[in-house]
Amino acid sequence: MSLGRIRAVVRKETREYRRNRFIITTMAVLPLVFLVAPTVTLFRIPASATGALVQHAVGATSLLLLVVPVVIPPVIAAYSVIGERDQGTLEPFLTTPVRREELLLGKAVAAFVPSVAVAYAIYAVVAVSVRLGASHTVSAVVWHAPQVLTQVLFTPLLAVWSIWVGIAMSARFGDVRVAQQLATLASLPALGFASLVSFRVITPSVPLAVGLALVLLVVDVVAWRVVSQLFDRERLITGTSAQVSADTGRSSRSAAGHG
Amino acid sequence: MEEQSGKGRTADAPADDPERAVEAAETAGASPVATQSERPALVVEGLTKRFGERVAVDDVSFTVASGEVFGFLGPNGAGKTTTVRTLGTLIAPTSGSATVAGIPLEPGNGVEIRQRISVMTETPGLYLRLTVAENLEFFAGLYGVVQPQARIARALEAVNLAARADDLCGSLSKGLRQRVGLARALLNDPAIVFLDEPTSGLDPVATREVHDLIDGLRGRGVTVFLTTHRLEEAERLCDRVAILNTSLRMIGRPDELRDRLFTKTVLVRTAAPLGAPEEVFAGVRGVESWLGGGPDGYVLTVSDPRIAAPEVTRALVAAGADVLSIAEARHSLEDVYLELIGDDVEARR
């Protein structure tokens, strides 16, 4: 793999995002929603609140914050392949020496960086605000080490999962809205996974957070491999997969084999 | 085609020489003499591509010499774009083999082949929210071009777009976008440039500009594979043409195709019908048969117009005829095309 080619894809994608009003608007509005709601919720909890109430509120807030890395990446990732196809740039792009892994990684990194940056920024603002203004009981739960670790580790890993799902949908469907909706839906099960910790169905601890993060990491790597296999140049260009084309032919070469 | 004006590059020269395009751009427009490589730029043997039950390209074989401008003609749906996509490693052939820029078209060679070729699709496929320079910078990065800024500047100079480098591609006219597409095709200093309907939808001025750019590529010795259904374009630009309609119908120089398909004829017009035309034309060297005698004159089938025309002139003068004109009948590439494709049922799919 060529880092230069991946870098070229990331730079191009970033430039395009910056000039795409739809993406900019989504990236600006969604964080505001996710910033205000949890902050208000936590600030309204009185100091006299029971531990169970506090933990439930913090759990809900934590889950809401983890929605950010699940919801924002598909907005970008679902556009990644369909966007190229819609503006007629996919074929010229694929005629270059770029390998599909390079193309996918470049697209993924370009979606990952702003999504995770936004998610971390929202989390940081909420956490610091709670520290400065919310009751001590709430602050103690929010700043509980396993809680912080869960948030810090799960945010990028959930984002990566959502990105691969988004790219997979983008490579399979012809309409960006369909791809975005399906990608968001397909990403939600990962939230259920996170909610087990957020709502303390599983008692959070550092080893548990790390262990679950490792599981998510493995899932992300498997997702990358699966998406790479789904990325079929021939299907993207002609609407017919190489295998289908070859099945009725005299040989069974794979266009994907062209890298 | 043994000799071709050009920059002297060969198909087996390294395609990633960063200085090559620089030198070529500087000399674009000049007409230096080049010697072609002995190795063909393209060798295609029995190429077949099916999509399900539909045969898009059927058992196509041809060779393109290095430095040649090769026209690939055919009606819509004839398989031209499928052939380009196959040779460009975008889609896999169902059967057959090919060598592209000296590299066998096989799974695993895709990256190497794409490094040595450029494909300009029918629509230039530019990122409209990016500037001209940003578009080229992206593709230079994908090709791993060393010193991309210098290369981009020279590619833009080659297509006379240096002044528009910072314009958004979305603000350019279709003709200018096509020029940006051609500049992009020059970035990697390709051994072969595939141009798929490069003048489709362009006005005459923009079309002329694209033709001039293709001439410029020829001048630089770049092999050009041009798919088009504009016959006058092929006739003007191409050294050889292939006529395709799923399978290959004919291949050769335009004049060769004419010779193969049409008998050679000489048209004779006189002020008045000849009294005894059989006595004038019979026995004239090179004349095989004749017909006519009406207001359109006489059509003589000849073995070689260069021999027959002077002989016919002498015979007419000797017979006292008032000769208005004697001319060789010229068939255009369009005549050839229509002869091959016009009655073809497949062309009307």
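Procedures and definitions
- Residues numbered from 1 in each chain as written.
- Chains lettered and ligands numbered in written order.
- Predicted model: local features only at pLDDT ≥ 70, side-chain atom pairs only at ≥ 80, totals over all residues.
- Helix = DSSP H or I, 4+ residues; strand = E, 2+ residues; numbered from the N terminus.
- Buried ≥ 20, exposed ≤ 12 C-beta atoms within 10 Å, placed from the backbone.
- Contact = placed C-beta atoms within 7 Å.
- Core = buried A, V, L, I, M, F, W, Y, C linked by C-beta atoms within 7 Å.
- Nonpolar A, V, L, I, M, F, W, Y, C, P; charged D, E, K, R; others polar.
- Axes fitted to C-alpha atoms, helices over the stretch in contact; angles between N-to-C directions.
- Parallel < 35°, antiparallel > 145°, perpendicular 65-115°, else oblique.
- Left-handed = near helix turned anticlockwise from the far one by under 90°.
- pLDDT = per-residue confidence, 0-100.
- Pairing = 2+ DSSP bridges.

K.L.:
What exactly am I supposed to notice about the overall build of chain A here?
P.N.:
When helices and strands are tallied, chain A shows 11 helices and zero strands. When the helices and strands of chain A are placed in sequence order, the string is α-α-α-α-α-α-α-α-α-α-α. In chain A, which comprises 259 residues, the proportion classed as buried is 48%. Residue pairs at least 24 apart in sequence account for 81% of intrachain contacts in chain A once pairs closer than 6 positions are excluded.

K.L.:
Would you mind going over the overall build of chain B with me for this structure?
P.N.:
For chain B, the count of helices and strands is 12 helices and 16 strands. Buried residues in chain B amount to 48% of all 349 residues. Once local pairs closer than 6 in sequence are excluded, the contacts in chain B between residues at least 24 apart make up 73%.

K.L.:
Whenever I open this one, the nonpolar core confuses me. Can you help?
P.N.:
As a rule of thumb, nonpolar side chains are buried together in soluble globular proteins. By size, the foremost hydrophobic cluster in this structure holds 151 residues, and its most contacted members are Ile167 of chain A together with Ala183, Ile192, Phe194, Val224, Phe225 and Leu226 of chain B. Discounting residues that sit within four places of it in the chain, isoleucine 192 of chain B has contacts with Ala41, Leu42, Val100, Ala101, Ile117, Thr223 and Phe225 of chain B.

K.L.:
Explain the interface of chain B and chain A to me, please; I cannot follow it from the model alone.
P.N.:
Buried accessible area, meaning the area lost when the parts come together, often serves as the stated size of an interface. The partner chain A presents 40 residues to the 35 residues of chain B that form the contact. Sorting the residues of the side of chain B that touches chain A by element identifies strand E3 (42–51), helix H3 (110–116) and helix H4 (132–142) of chain B as the ones contributing at least two each. It is H4 of chain B that provides the largest number of residues to the side of chain B that touches chain A, a total of five residues. Among the residues making up the side of chain B that touches chain A, the classes are represented as 16 nonpolar, 13 polar and six charged.

K.L.:
Whenever I open this one, the packing of H4 of chain B against helix H5 (residues 148–158) of chain B confuses me. Can you help?
P.N.:
The description of two packed helices rests on the angle between their axes and on the distance between the axes. All names here are of chain B. Interaxial distance between H4 and H5 falls to 10 Å at its minimum, and their mutual angle equals 125 degrees. What the angle tells us is that H4 and H5 run oblique. With respect to the hand of their crossing, H4 and H5 are arranged in right-handed fashion. In this structure, H4 uses Ala133, Leu136, Glu137, Ala140 and Gly141 to contact H5, whose residues at the interface are Pro148, Arg151, Ile152 and Ala155. Of the residues contributing to the contact of H4 with H5, the split by class is six nonpolar, one polar and two charged.

K.L.:
When you look at the environment of arginine 131 of chain A in this model, what are you seeing that I'm missing?
P.N.:
By the secondary structure assignment, arginine 131 of chain A is in helix H5 (residues 100–133). Beyond its immediate stretch of four places on either side in the chain, arginine 131 of chain A contacts Ser139 and Trp143 of chain A.

K.L.:
How should I be thinking about the confidence of the model for chain A in this particular structure?
P.N.:
Atomic detail in the predicted coordinates should be set aside for any region of low pLDDT. All names here are of chain A. Counting all residues, the mean pLDDT for chain A is 81, and 89% of those residues have values of 70 or more. Across chain A, the secondary-structure element scoring lowest on mean pLDDT is helix H11 (residues 242–247), at 47, and the one scoring highest is helix H4 (residues 90–94), at 93. Here residues 244–257 scores under 50 on pLDDT; set against residues more than four positions off or in separate chains, the count is 39 contacts.

K.L.:
Would you explain the sheet that holds strand E5 (residues 69–73) of chain B in this entry?
P.N.:
Strand pairing in a sheet is mediated by backbone hydrogen bonds. Such pairs are either parallel or antiparallel. Residue and element names in this part refer to chain B. Spatially, six strands are ordered E8-E9-E10-E5-E11-E12 in an open sheet, and the strand pairing comes out mixed. Edge positions in the open sheet fall to strand E8 (117–120) and strand E12 (247–252), since each of these has one partner strand only. Each strand axis lies, on average, 15 degrees off the axis of its neighbour in the sheet, ignoring direction. Across four bridges, the pairing between E5 and strand E11 (residues 240–245) is parallel. Within the sheet, the bridge partner assigned to phenylalanine 72 lies in E11 and is alanine 242. Most of the contacts of helix H7 (residues 204–219) go to strand E10 (residues 223–228), to which it runs at about 150 degrees, and overall it touches E5, strand E9 (192–196) and E10. Its contacts with the sheet place helix H12 (residues 333–341) against E5, E11 and E12, and it is angled at close to 25 degrees to E11.

K.L.:
Would you explain the packing of helix H2 (residues 21–43) of chain A against helix H3 (residues 51–86) of chain A in this entry?
P.N.:
Residue and element names in this part refer to chain A. Taken N-terminus to C-terminus, the directions of H2 and H3 make an angle of 175 degrees; their axes are 10 Å apart at the nearest point. Taken as axis vectors, H2 and H3 run roughly antiparallel relative to one another. Mapping the contact onto sequence places Ile23, Thr26, Met27, Leu30, Pro31, Phe34, Ala37, Pro38, Thr41 and Leu42 in H2 and Ala57, Thr61, Leu64, Leu65, Val67, Val68, Val71, Ile72, Val75 and Ile76 in H3. For the contact of H2 with H3, a count of residues per class yields 17 nonpolar, three polar and no charged.

K.L.:
Is there a simple way to think about the environment of threonine 86 of chain B in this case?
P.N.:
Residues and elements named next belong to chain B. Its place among the elements puts threonine 86 in helix H2 (residues 80–87). For the pair formed by threonine 86 and leucine 105, sequence separation is 19 residues and the distance between their alpha carbons is 8.8 Å. Residue contacts for threonine 86: discarding those within four places in its chain leaves Leu47, Lys49, Ile91 and Pro93.

K.L.:
Please clarify how unusual backbone geometry should be interpreted in this entry.
P.N.:
Both trends apply: most residues other than glycine have a negative phi, and most peptide bonds are in trans. Residues and elements named next belong to chain B. With a phi close to 65 degrees, threonine 89 is a non-glycine residue in the positive phi region. Looking at where threonine 89 falls in the secondary structure, it is placed in the loop between H2 and strand E6 (95–100). The buried category is assigned to threonine 89, around which 29 C-beta atoms lie within 10 Å. One non-glycine residue with positive phi stands out, namely asparagine 160, at about 55 degrees. Position of asparagine 160 among the secondary structure elements: in the loop between H5 and helix H6 (174–186). By the C-beta count within 10 Å, which is 14 here, asparagine 160 ends up partly exposed.

K.L.:
What exactly am I supposed to notice about the sheet that holds strand E7 (residues 103–104) of chain B here?
P.N.:
Residue and element names in this part refer to chain B. With antiparallel pairing, the four strands of this open sheet are ordered in space as E4-E3-E6-E7. At either margin of the open sheet sits one strand with a lone partner, and together these are strand E4 (54–64) and E7. Pairing geometry for E3 and E6, over five bridges, is antiparallel. The partner of glutamate 45 across the bridge, within E6, is serine 97. Strand contacts of H2: E3, E4 and E6, with the helix running at about 115 degrees to E3, the strand carrying the most contacts.

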